[in-house]
Amino acid sequence: MRIKDINKNLKSTQNYRTLGLVSLANFLELHSVAGAIFTTEKDCQEIEWVEFLLKLIDTKQEPTEKCFPILNKLLLLITQHPDMHKVIQNKFIQKIVEAITSNAPSTSSIETLLTCLKHFGGTSGVYKNKIFDFLTSFINSPNTDLIKLAGKSLHSLQQTRGGSVAGTIYKKNWADFHDKLLNTIDAEMDILFDCEDTVKTGKSERLKLPDLTRNGDQKEQTPLMYAHLERFIRFRNLCIILETGLLQSFPAAKTIQLNRIVGSLIDKGIALNQAQINNKSGDSKLPYILHIEIQKSLLNVLKCVILAVGGNILTCSKDICDILWKCLKSTNISYDELKADSNSSLRKIVYDVLNVFLRIAPNNHFMYKNMENLIKEAFVDITPIQSEIVLSLPQAS
């Protein structure tokens with residue numbers, strides 16, 4: 001379809017406009033502006049399409065799920081042309097950020113925001129506080145795909161604008177965010193485990209997050225199980241954001257609080273067993289299945305830490321061996337079917353972390369000391385429960 005036909009459909013009635021949007025999306029897949037000559041921005045059809053999409057989003061004429069994916073494609077396309085890239089950076093980033101933050105979060109809108117942060121960081125960084133508030137506004141969402149994109153965006157947000165000499169500002173931004181994130185995860189875990197007496201480490205400053213309940217007056221009326229689940233979802237999402245930040249590339253050296261993450265945060269969450277939780281008052285017990293899910297989140301963080309620091313993880317070998325052994329030891333026997341399924345899912349992650357750890361740090365004294373116990377546990381999982389299996393064919397009717 002020609003550009004003239006696309007524009008005609010876009011400016012027509014809703015049915016034809018929808019056809020125009022589909023045609024535009026398909027056209028952009030094969031289109032390029034690299035090497036194109038534009039006398040002014042008015043000569044650039046792509047800039048006109050950006051303006052048109054922003055108008056559609058602002059006036060609610062089309063669902064944002066249709067508009068943001070096309071807008072994202074246009075922004076990526078325009079990065080090929082230095083002059084038009086400057087036009088977007090100087091004249092449109094504020095409008096794009098406003099369009100994103102004033103609508104409900106979606107995968108396509110966060111992907112568009114991520115494009116802005118990566119390719120138009122100089123201007124996007126001006127709205128850092130507004131973007132941070134938006135990305136944390138859905139921290140309690142059960143949509144993990146959305147949270148992963150939010151994690152990438154928050155990571156990119158630490159590297160917008162100038163990094164100064166040797167990336168000093170980037171390093172400081174990352175260190176501050178990393179520290180606050182760990183403090184927040186630590187605090188959320190203490191609330192889940194009802195451990196106000198836990199010794200605090202690091203600074204007390206945390207990320208500013210929205211309240212768990214929409215109305216503060218309803219907190220006392222919230223069912224306990226729902227409150228636990230809501231708190232766990234926030235904890236899990238914070239762990240996902242931490243994992244994403246650990247594995248994403250960064251223009252300057254990142255300081256990772258290795259000993260604190262492994263030796264304090266993860267070890268504390270794994271060490272507190274269900275018997276200790278059950279000793280709490282009956283009204284504040286954490287359900288067993290959520291306890292296992294918390295440990296799974298912590299083990300996923302451990303896996304990402306190992307991948308992020310590589311051979312430096314050897315300094316935490318003893319702690320890691322103890323953590324993995326505690327997980328296996330506490331989940332090796334269960335006659336409750338629900339607990340058995342939960343235990344099995346946790347043990348799978350333990351073996352996954354163990355494989356990554358052995359691959360990155362094979363010559364490990366502490367692992368050799370624990371190998372016999374670990375192998376015994378592995379045999380429990382690979383030994384068939386039934387010695388015989390009877391196969392039968394359904395009888396023909």
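The following refers to the structure shown.

Conventions and cut-offs
Residues numbered from 1 in each chain as written. Predicted model: local features only at pLDDT ≥ 70, side-chain atom pairs only at ≥ 80, totals over all residues. Heavy atoms only, no water. Helix = DSSP H or I, 4+ residues; strand = E, 2+ residues; numbered from the N terminus. Buried < 20%, exposed > 50% of the residue type's maximum accessible area, 1.4 Å probe, protein only. Contact = heavy atoms within 4.5 Å. Areas by Shrake-Rupley, 256 points an atom, 1.4 Å probe, with all protein chains shown as cover. Core = buried A, V, L, I, M, F, W, Y, C linked by side-chain atoms within 4.5 Å. Expected span 1.5 Å × (residues − 1). Axes fitted to C-alpha atoms, helices over the stretch in contact; angles between N-to-C directions. Parallel < 35°, antiparallel > 145°, perpendicular 65-115°, else oblique. Nonpolar A, V, L, I, M, F, W, Y, C, P; charged D, E, K, R; others polar. Phe/Tyr/Trp six-rings, centres within 6.5 Å; stacked < 30°, edge-to-face > 60°. Salt bridge = Lys/Arg side-chain N within 4 Å of Asp/Glu carboxyl O. Patch = residues over 30% accessible without salt bridge, like charges linked within 9 Å, V, L, I, M, F, W, Y side chains within 5 Å. Left-handed = near helix turned anticlockwise from the far one by under 90°. Arc of directions from axis to C-beta.

With that settled, the discussion passes to the overall build of the protein. For the protein, the helix and strand inventory stands at 18 helices and 0 strands. Residues counted as buried form 48% of the 397 residues belonging to the protein. The long-range fraction of contacts in the protein, counting pairs at least 24 apart against all pairs at least 6 apart in sequence, stands at 75%. About 21100 Å² of surface is accessible on the protein, with carbon and sulfur atoms providing 52% of the total.

This paragraph deals with the nonpolar core. In terms of nonpolar packing, the biggest core is built from 108 residues, with Leu 299, Leu 302 and Ile 313 touching the most fellow members. Looking at which element gives the most residues to this core, the answer is helix H15 (residues 288-309), with 12 residues. Those residues in contact with Leu 302 that sit more than four places away from it in its chain are Val 262, Ile 266, Ile 320, Ile 323, Leu 324 and Val 353.

Moving on, we come to helix H13 (residues 258-271). Between its first and last C-alpha atoms H13 spans 18 Å; for 14 residues at 1.5 Å apiece the expected length is 20 Å, and the two agree. Most of H13 sits out of view: 10 of its 14 residues are buried. Listing the buried residues of H13 in full gives Leu 258, Arg 260, Ile 261, Val 262, Leu 265, Ile 266, Asp 267, Lys 268, Gly 269 and Ile 270.

Another point: the packing of helix H12 (residues 224-247) against H15. Relative orientation of the contacting elements H12 and H15 amounts to 5°, with a least axis distance of 9 Å. In terms of orientation, H12 and H15 fall into the roughly parallel class. Of the residues in H15, those in contact with Met 225, His 228, Leu 229, Phe 232, Phe 235, Arg 236, Cys 239, Leu 242, Glu 243, Leu 246 and Leu 247 of H12 are Leu 290, Glu 293, Ile 294, Ser 297, Leu 298, Asn 300, Val 301, Cys 304, Val 305, Leu 307 and Ala 308. Classifying every residue of the contact of H12 with H15 gives 16 nonpolar, 3 polar and 3 charged.

A few words now on the packing of aromatic side chains. Taken as a whole and judged by the stated rule, the model has 4 aromatic pairs. The interplanar angle of 70° and the centroid separation of 6.4 Å between the aromatic rings of Tyr 170 and Phe 250 together place this pair among those described as edge-to-face. Highlighted residues: Tyr 170 in helix H11 (residues 168-193) and Phe 250 in the loop between H12 and H13, separated in sequence by 80 residues. Here Tyr 170 and Phe 250 have matching classes, each one buried. Between Trp 174 and Phe 250, the ring centres sit 6.1 Å apart and the planes meet at 50°, which makes this aromatic pair tilted. Here Trp 174 is found in helix H11, whereas its partner Phe 250 is found in the loop between H12 and H13, with 76 residues between them in sequence. The exposure class assigned to Trp 174 is buried, which follows from its relative accessible area of 2%. What makes Phe 250 buried here is its relative accessible area of 15%. Each member of the aromatic cluster is reached from another via a ring pair, and the members are Tyr 170, Trp 174 and Phe 250.

As for its placement among the helices and strands, Leu 242 is situated in helix H12. Between the alpha carbons of Leu 242 and Ile 185 there is a distance of 9.2 Å; along the sequence they are 57 residues apart. Contact partners of Leu 242, with chain neighbours within four places excluded, come to His 178, Leu 181, Leu 182, Ile 185 and Val 301.

Oppositely charged side chains can form a pair if their charged atoms are brought close together. Overall, the coordinates contain 20 salt bridges when judged by the stated rule. Here Asp 186 makes a salt bridge to Lys 268, at a shortest N to O gap of 2.3 Å. Of this pair, Asp 186 sits in helix H11 while Lys 268 sits in helix H13, and the two are 82 residues apart along the sequence. Each member of the pair, Asp 186 as well as Lys 268, carries the same accessibility label: buried. Two residues, Lys 303 and Asp 352, come together in a salt bridge whose shortest N-O distance is 2.8 Å. Of this pair, Lys 303 sits in helix H15 while Asp 352 sits in helix H17 (residues 337-360), and the two are 49 residues apart along the sequence. Residue classification places Lys 303 among the partly exposed residues on the basis of a relative accessible area of 24%.

A contiguous nonpolar surface patch, about 320 Å² in accessible area, is contributed by Ile 375, Phe 379 and Ile 382. Along the chain, Phe 379 turns up in helix H18 (residues 365-382).

Before going further, it helps to spend a moment on unusual backbone geometry. In this structure, Lys 60 takes a positive phi of about 60° despite not being glycine. Looking at the element boundaries, Lys 60 is found in the loop between helix H3 (45-59) and helix H4 (64-78).

At a closest axis distance of 10 Å, the pairing of helix H16 (residues 317-330) and H18 adopts a crossing angle of 10°. The pairing of H16 with H18 is recorded here as roughly parallel in orientation. Of the two elements, H16 crosses H18, and the hand of that crossing is left-handed. Across the interface between the two elements, Ser 317, Lys 318, Cys 321, Trp 325 and Leu 328 of H16 pack against Phe 366, Met 367, Asn 370, Asn 373, Leu 374 and Glu 377 of H18. Of the residues belonging to the contact of H16 with H18, the class tally is 6 nonpolar, 3 polar and 2 charged.

Its location among the elements puts Arg 347 in helix H17. A relative accessible area of 3% places Arg 347 in the buried class. Setting aside chain neighbours within four positions, we find Arg 347 in contact with Leu 328, Thr 331, Asn 332, Glu 377, Val 380 and Asp 381.

Since the α-helix packs 3.6 residues into each turn, any two residues three or four apart lie on the same face. The terminal C-alpha atoms of H16 lie 20 Å apart, and with 14 residues this matches the ideal 20 Å at 1.5 Å per residue to within 8%. Inspection of H16 places Ser 317, Ile 320, Cys 321, Ile 323, Leu 324, Cys 327 and Leu 328 among the buried residues, and these make up the whole buried set. Each buried residue of H16 lies within a common arc of 160° when the element is viewed along its axis, so the set occupies one face.

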